[in-house]
Amino acid sequence: MALPKEKIFEVVGSVYENFGIYEHRNQLSIIIPPDRLQEVCLTLKDNPETSFDMLIDITAIDWLKGENRFETVYFLYSNKYKSRLRIKVPLSGDYPTCPSVTNIWESANWYERETYDMYGIKFEGHPNLRRFYMPEDYADPETGEPIYPLRKDFPLMGIPDSLPLPPYPEKYSEN
Amino acid sequence: MGLDKVIEKQGFITTSIEAILKWAQKNSVWPMPLGISCCGIEMMAFASSRFDVARFGSEVFRMTPRQSDLLLVAGTVTYKMAWVVRKIYDQMPDPKWVVSMGVCASTGGMFRSYSVVQGIDKFLPVDAYISGCPPRPEAVIKALMTIQEKIKKQHKPDIFNFGKDISKTPKQENIDIF
């Protein structure tokens, strides 16, 4: 890692001190509550000592159990120092909300839409939060509740009749 | 076949119109390439010089469904794509045949998931299935030969209705993707 850890801790610590650290195979993740995400991201991007100017991806994890069921994950890259960082944001509740970072990185727009489509996490302040892959009215035909396919409680083969198929051609229907 | 020698000797041959139409159709099956995932690469190999599908009269890959006879569904068909496949199928003039190429199109294959159609025979009449992930070009040639055999044995050419019967695409009610 080209950027020393201490420097990242120093920059993040200047905004929010009680951040968590998780390190695995020399890859650093920092854990931040959702209400401080905007400030920390803005500092990491604008401070010339870190300069994380590129947002690679946003995704989420569904842990199914525990106090914080969902966790959004942000993958950052610094073009100046050729260095990577991961930010994790634990969220509570079954239909959580998380602040949007579209005002900091433009590329977050589609990533957040995708995460919303797959997990049902609402990003506050997103300019166009609609479904990304699935049809916009993708819902359980029986209960009418919206379906989020990458959640852990989603059945593998999906909910029957939630996605329509074209009918069989009439001419050949007797075969 | 030695047809030239027969003509040289006698000057003419006798046959029925149906037989000669079938013979012509069998040897000019023009495929509509619908390469919607990695099977498309094998489909290109099937068309190009090493395997040379021109030997079977199918070298003309028509890039429009309106000029083709055989729909080669090569790849994973998702629920979103199913409507597009059906639209292309409907635009093809009769008579038409469908080949389901590879396990993804035939059964869903390794994509046992909510978004992939588990076999295109749920919404299309399929004439030949090809196994393999992706299948070898020889397997595609075998499927083409199966279609030719089917034309020879089962098909009844309708002389007066070529290309007239184009069915209409059903309207998609629940989702609007176009």
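What comes next concerns the included structure. These figures come from a predicted structure and were not determined experimentally.

Calculation notes
Residues numbered from 1 in each chain as written. Chains lettered and ligands numbered in written order. Predicted model: local features only at pLDDT ≥ 70, side-chain atom pairs only at ≥ 80, totals over all residues. Heavy atoms only, no water. Helix = DSSP H or I, 4+ residues; strand = E, 2+ residues; numbered from the N terminus. Rg over C-alpha atoms; globule rule 2.2 N^0.38 Å. Buried < 20%, exposed > 50% of the residue type's maximum accessible area, 1.4 Å probe, protein only. Contact = heavy atoms within 4.5 Å. Areas by Shrake-Rupley, 256 points an atom, 1.4 Å probe, with all protein chains shown as cover. Lys, Arg positive; Asp, Glu negative; His and termini not counted. Charge placed at Lys NZ, Arg CZ, Asp CG, Glu CD. Core = buried A, V, L, I, M, F, W, Y, C linked by side-chain atoms within 4.5 Å. Pairing = 2+ DSSP bridges. Axes fitted to C-alpha atoms, helices over the stretch in contact; angles between N-to-C directions. Buried area = accessible area lost by both parts, 1.4 Å probe. Salt bridge = Lys/Arg side-chain N within 4 Å of Asp/Glu carboxyl O. Parallel < 35°, antiparallel > 145°, perpendicular 65-115°, else oblique. Nonpolar A, V, L, I, M, F, W, Y, C, P; charged D, E, K, R; others polar.

1. Quick word on the overall build of chain A
Move 1: Each helix and strand in chain A was counted, giving 3 helices and 7 strands.
Move 2: Secondary structure elements in chain A, listed N-terminal to C-terminal, are α-β-β-α-β-β-β-β-α-β.
Move 3: Against the compact-globule benchmark of 16 Å for 175 residues, chain A has a radius of gyration of 20 Å, which places it well outside the compact range.
Move 4: With the principal axes as the frame, chain A shows a C-alpha extent of 70 × 35 × 35 Å.
Move 5: By residue count, 44% of the 175 residues in chain A fall in the buried class.
Move 6: For chain A, long-range pairs separated by at least 24 residues make up 53% of all intrachain contacts whose partners lie at least 6 apart in sequence.
Move 7: For chain A, the accessible area works out to roughly 9,600 Å², and carbon and sulfur atoms hold 49% of it.
Move 8: Taken as two groups, the 19 positive and 28 negative side-chain charges of chain A have centres that lie 7 Å from each other.

2. Side note on the nonpolar core
Move 1: Ranked by size, the top nonpolar core spans 57 residues in total, and within it Leu44, Tyr74, Ile87 and Val101 of chain A together with Leu71, Val73 and Ile120 of chain B carry the most contacts.
Move 2: Considering every element that reaches this core, the biggest residue donor is helix H4 (residues 79–91) of chain B, with 5 residues.
Move 3: The contacts of Ile120 of chain B, once residues within four sequence positions are left out, are Val73, Val77, Val98, Ser100, Ala105, Ser106 and Val126 of chain B.
Move 4: Judged by nonpolar contacts, the second largest core, of 22 residues, contains Val53, Ala74, Met101 and Val140 of chain B.

3. Observations concerning the sheet that holds strand S4 (residues 128–130) of chain B
Residues and elements named next belong to chain B.
Move 1: Pairing is parallel across the open sheet formed by 4 strands, whose spatial order is S1-S2-S3-S4. Every interior strand has two partners, whereas the edge strands, strand S1 (31–35) and S4, have only one. When strand polarity is set aside, the average angle formed by the axes of neighbouring strands in this sheet is 15°.
Move 2: Bridge count between strand S2 (residues 70–74) and strand S3 (residues 97–101): 5 bridges; the pairing is parallel. By the bridge assignment for S3, Leu71 is matched with Val98.
Move 3: Along the sheet face, helix H6 (residues 137–153) touches S2, S3 and S4 and points at about 155° away from the line of S3.

4. Quick word on the interface of chain A and chain B
Move 1: Facing 20 residues of chain A, the contacting portion of chain B comprises 22 residues.
Move 2: Here chain A meets chain B over a buried area of about 1,900 Å², counting both sides, of which 68% is carbon and sulfur.
Move 3: For the chain A face of the interface with chain B, the top three residues by lost area are Met157, Leu165 and Pro166 of chain A, together amounting to 30%.
Move 4: In this structure, the connection of chain A to chain B is made through 0 salt bridges.

5. Some points on the sheet that holds strand S3 (residues 54–62) of chain A
Residue and element names in this part refer to chain A.
Move 1: As summarised here, the arrangement of the 5 strands in space is S1-S2-S5-S4-S3, forming an open sheet in which the pairing is mixed. Strands with a single pairing partner mark the edges of an open sheet, and in this sheet they are strand S1 (20–24) and S3. Pairwise comparison of adjacent strand axes, ignoring direction, gives a mean angle of 25° for this sheet.
Move 2: The pairing of S3 with strand S4 (residues 70–78) spans 8 bridges and is antiparallel. Paired with Ala60 across the strands is Thr72, a residue of S4.
Move 3: Seen against the sheet, helix H1 (residues 5–13) touches S1, strand S2 (27–31) and strand S5 (83–91) and runs at an angle of roughly 15° to S2.
Move 4: Running over the sheet, helix H2 (residues 37–46) touches S4 and S5 and is turned about 175° from S5.

6. Focus: the environment of Ile104 of chain A
Residues and elements named next belong to chain A.
Move 1: Inspection of the secondary structure assignment puts Ile104 in the loop between strand S6 (97–99) and helix H3 (108–119).
Move 2: Relative accessible area serves as the criterion here: at 5%, Ile104 is assigned to the buried category.
Move 3: Residues Ile104 and Glu145, 41 residues apart in the sequence, show an inter-C-alpha distance of 32 Å.
Move 4: Filtering out sequence-adjacent residues up to four positions away, Ile104 remains in contact with Gln38, Cys41, Leu42 and Lys45.

7. Structural notes on the packing of helix H3 (residues 39–47) of chain B against H6 of chain B
All names here are of chain B.
Move 1: Running from N to C, H3 and H6 cross one another at 70°; their axes reach a closest spacing of 8 Å. One finds that H3 runs roughly perpendicular with respect to H6. Facing H3, whose interface residues are Glu42, Ala45 and Phe46, H6 presents Pro137, Val140, Ile141 and Leu144.
Move 2: Looking at side-chain class alone, the contact of H3 with H6 contains 6 nonpolar, no polar and 1 charged residues.

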